[in-house]
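Residue-level structure breakdown
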Amino acid sequence: MAHKNFRKEDFVKEEGSDLYQVEFRKGNIGEGADLIVERQKEDGEYENLQAEIRRHNDRIFICWSEPFNGRVIFDE
């Protein structure tokens, strides 16, 4: 399994919503059917999240109520 890290600073506030989202291209993480989103805890360990995942054209958006450091895990 491969992964891509992201940081709090990568999130963008969604217009007209209380959610923040981070964006990926399908070409970088696949189709998105098997994505696992993990948030990094203060001790450096990761915990699984059931984050909302949206798809639009060739982009995948991970949405959450607040920005966080984490990673998305996917099959290559």
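Structure first, text after, so check above.
What comes next concerns the included structure. A quick note: this is a predicted structure, and the numbers were derived from the prediction, not measured.

Spatial ordering of the open sheet is given by S2-S3-S7-S6, a layout of 4 strands whose pairing is antiparallel. Each of the sheet's edge strands pairs with one partner strand only, and the pair in question is strand S2 (12–13) and strand S6 (52–56). For S2 and strand S3 (residues 20–25), the ladder comprises 2 bridges, and the chain directions are antiparallel. Bridged to lysine 13 within S3 is tyrosine 20.

Quick look at the packing of aromatic side chains now. Counted by the stated rule, this structure contains 5 aromatic pairs. Relative to phenylalanine 24, the ring of phenylalanine 6 lies with its centre 6.1 Å away and its plane at 70°, an arrangement referred to as edge-to-face. Highlighted residues: phenylalanine 6 in strand S1 (residues 2–6) and phenylalanine 24 in strand S3, separated in sequence by 18 residues. The residues phenylalanine 6 and phenylalanine 24 share a single accessibility class, namely buried. Against the face of tyrosine 20 rests lysine 13, its NZ or CZ located 5.1 Å from the ring centre. One cation-aromatic arrangement involves arginine 39 over phenylalanine 68; the distance from NZ or CZ to the ring centre is 6.0 Å.

Across the sheet, 4 strands lie side by side as S1-S8-S4-S5; this open sheet has antiparallel pairing. Looking at strand neighbours, the two that pair on one side only are S1 and strand S5 (46–49), the edges of this open sheet. Strand-to-strand twist across the sheet, computed as the mean angle between neighbouring axes with direction ignored, equals 30°. Bridge count for strand S4 (residues 36–40) against S5 is 4 bridges, and the pairing is antiparallel. Bridge assignment links valine 37 to a residue of S5, and that residue is leucine 49.

Thresholds applied
Residues numbered from 1 in each chain as written. Predicted model: local features only at pLDDT ≥ 70, side-chain atom pairs only at ≥ 80, totals over all residues. Heavy atoms only, no water. Pairing = 2+ DSSP bridges. Helix = DSSP H or I, 4+ residues; strand = E, 2+ residues; numbered from the N terminus. Phe/Tyr/Trp six-rings, centres within 6.5 Å; stacked < 30°, edge-to-face > 60°. Buried < 20%, exposed > 50% of the residue type's maximum accessible area, 1.4 Å probe, protein only. Lys NZ or Arg CZ within 6 Å of the ring centre and 35° of its normal. Axes fitted to C-alpha atoms, helices over the stretch in contact; angles between N-to-C directions.

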